[in-house]
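Residue-level listing of the chains:
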Amino acid sequence: MELAVNWRKSFFTIYTGQAFSLLSSSAVQFSIIWWITMETGSAMALTIASVVGLLPQAFIGLFAGVWIDRFNRKKIMIIADCVVALSSLFLGALFFIGIQKILFVYIVLFVRALGETFHKPALQAAIPQLVPSSELTKAGGFGQMIHSACSMAGPMLGAFLMSVTTLQYAMLVDVLGAVFAVLTLSFVKVPKHTIDQKSKLSIIQDMKHGICAFKSNKALLRLSIPMLISTIIFVPLGTLLPLMVKQYFNGTAWHNGIVQTLFSSGMLIAAMIIGITGGLKKQFLMISISTSLLGICALIGGILPAHLFWVFCIVVFVMGAMGMGFNIPFTSYIQRTVPSKDLGKVISLVTSVMSFGAPVGMFIAGPVSEFIGVSNWMICAGVIMIFIGLLCYFLTRKFDIALESEVVSK
């Protein structure tokens, strides 16, 4: 009962600190990428930076989940924030003394991604310890709203920092953000989760136990296949938007800025609505509808005449919103149905698989869109996403009925 009454205070205390940390991290990430762009002018250098940022989650994520379930999740988040702050301080110090080598920048990007590999799943696994099961979708909406807002404001802050100062001073902003996040987290009491003592015998056995926990959740198993395909298709859609603006609509940087802002705004507003209302009661139906609508938007965007850029802007806004429509309920379902002792492992497993899906999507979308054109790729992606939404509905509708019956019986 106490959890149901007081969860908002603890939740928003944590996310107040996380907002500063996310904002500063987003700003610094932009600053680092901009520094690499200005110093090298190399697409390969930027590609390496992206890969370095992906490696920890893709390869260490499975092991991270084991430790997240074994140890105090609040301490893991604090340690992860401190590691990120120290890496930023390290790079800033190197730049202050005149050592400005891209190798050290890559190392810091790797360490920052490593911290995120532990921090994000630990936070998601800790939320059900603070938030009642019935409120998890709302909490997920509020969390995504804060994340989307910081993702929008972060690059603007980073651009401002790099216009008035240099990278070493920008890195100090990240240190301040991490310190504030640690301080606010320190004041929140996170209830201890159940720790399976047998899991301490072997990390590999514990990883296998997490995979078994994932497989035993039939709804999650069925839902993950459409989610993986959606990730493979959805991530390139967002990444290729600048090319669509430039090549198809003959737009400028100003037009691209409008599109990027509208895409992020759609994510922000959708997250806010879900946070306030909890979204549809039938969570799997919400995922299915959002996926199909995302496909319809991509299809419309691909077939629009080149002079209807303003319609494309509306389509992009809806696309951003629909991304939240399947991401938030998917995460809240995992938090609600996976036992606390396995939650870190399952979240890390799902995140790692999705992390592999994103570059796979880019490797497919890049060459294909070069060959057939970005607009035609959007048409193809739209048709696939509509099909995936329908597939998701038929695979999961019986679980919606089961959950509805369970709520009525209670």
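For the structure itself, consult the block above.
From a predicted model like this one, the values you see are computed outputs, not experimental measurements.

Turning to the overall build of the chain, a few remarks are in order. Broken down by element type, the chain carries 14 helices and 0 strands. Its helices and strands in sequence order give the chain the pattern α-α-α-α-α-α-α-α-α-α-α-α-α-α, from N to C terminus. Going through the 410 residues of the chain one by one, you find that 49% of them count as buried. Pairs at least 24 apart in sequence give 89% of the contacts found in the chain among residues at least 6 apart. Put simply, the chain shows about 19100 Å² of open surface, and 72% of that area lies on carbon and sulfur atoms.

Formed by 83 residues in total, the largest nonpolar core has its most connected members in Phe312, Phe330 and Ile334. Ranked by the residues each element gives to this core, the list is headed by helix H12 (residues 309-337), at 15 residues. If we ignore the near neighbours within four places in the chain, the residues touching Phe330 are Leu220, Leu223, Ser224, Met227, Ile287, Val350 and Met354. Formed by 16 residues, the second largest nonpolar core is a distinct cluster that contains Phe95, Val108, Met162 and Met171.

On to the packing of aromatic side chains, then. Across all of its chains, the model carries 13 aromatic pairs by this definition. With 5.0 Å between their ring centres and 85° between their planes, Tyr248 and Phe249 make a pair best called edge-to-face. On the accessibility criterion, Phe249 (9% relative accessible area) is buried. Feature note: the residues Phe11, Phe12, Tyr15 and Phe142 constitute an aromatic cluster, connected by ring pairs.

On the secondary structure map, His255 appears in helix H10 (residues 253-277). Sequence separation between His255 and Phe309 is 54 residues, and the spatial gap between their C-alpha atoms is 9.0 Å. Every residue in contact with His255, bar those within four places of it in the chain, is listed here: Val245 and Phe309.

So, on to the packing of helix H11 (residues 283-303) against H12. At a minimum axis distance of 8 Å, the contact between H11 and H12 shows a crossing angle of 155°. Here H11 is positioned roughly antiparallel relative to H12, judged by the angle of their axes. Crossing geometry of H11 relative to H12 is assigned as left-handed. On H12, the residues that touch Gln283, Phe284, Met286, Ile287, Ser290, Thr291, Leu293, Leu294, Cys297, Ala298, Ile300 and Gly301 of H11 are Phe312, Val315, Val318, Met319, Met322, Gly325, Phe326, Pro329, Phe330, Ser332, Tyr333 and Arg336. Here the contact of H11 with H12 is composed, by residue class, of 17 nonpolar, 6 polar and 1 charged.

Bringing the packing of helix H3 (residues 73-96) against helix H6 (residues 167-186) into the picture now. Remark: H3 packs on H6, axes separated minimally by 8 Å, with the N-to-C direction vectors making an angle of 160°. It follows from the interaxial angle that H3 and H6 lie roughly antiparallel. The interaxial crossing formed by H3 with H6 has left-handed handedness.

Attention now moves to the side chain of Thr291. Along the polypeptide, Thr291 turns up in helix H11. There is a polar contact of 2.8 Å between the side chain of Thr291 and the backbone oxygen of Ile287. Sequence-distant contacts of Thr291, that is, excluding residues within four places in its chain, are made with Ser230, Phe326, Met385, Ile388 and Gly389.

Attention now goes to H6. With 20 residues, H6 should cover 28 Å at 1.5 Å per step; its first-to-last C-alpha distance of 29 Å lies within 8% of that length. Looking at H6, one finds that the buried residues are Leu167, Gln168, Ala170, Met171, Asp174, Val175, Gly177, Ala178, Ala181, Val182, Thr184 and Leu185.

This next bit is on the environment of Met244. Assignment of secondary structure puts Met244 in helix H9 (residues 241-248). Along the chain, Met244 and Gly302 lie 58 residues apart, while their C-alpha atoms are 8.9 Å from each other. In contact with Met244, other than residues within four places in its own chain, are Phe249, Gly301, Gly302, Phe312, Val374, Ser375 and Met378.

Cut-off values and rules
Residues numbered from 1 in each chain as written. Predicted model: local features only at pLDDT ≥ 70, side-chain atom pairs only at ≥ 80, totals over all residues. Heavy atoms only, no water. Helix = DSSP H or I, 4+ residues; strand = E, 2+ residues; numbered from the N terminus. Buried < 20%, exposed > 50% of the residue type's maximum accessible area, 1.4 Å probe, protein only. Contact = heavy atoms within 4.5 Å. Areas by Shrake-Rupley, 256 points an atom, 1.4 Å probe, with all protein chains shown as cover. Core = buried A, V, L, I, M, F, W, Y, C linked by side-chain atoms within 4.5 Å. Phe/Tyr/Trp six-rings, centres within 6.5 Å; stacked < 30°, edge-to-face > 60°. Axes fitted to C-alpha atoms, helices over the stretch in contact; angles between N-to-C directions. Parallel < 35°, antiparallel > 145°, perpendicular 65-115°, else oblique. Left-handed = near helix turned anticlockwise from the far one by under 90°. Nonpolar A, V, L, I, M, F, W, Y, C, P; charged D, E, K, R; others polar. Polar contact = N/O pair within 3.5 Å; in protein donor to acceptor, adjacent residues only side chain to side chain. Expected span 1.5 Å × (residues − 1).

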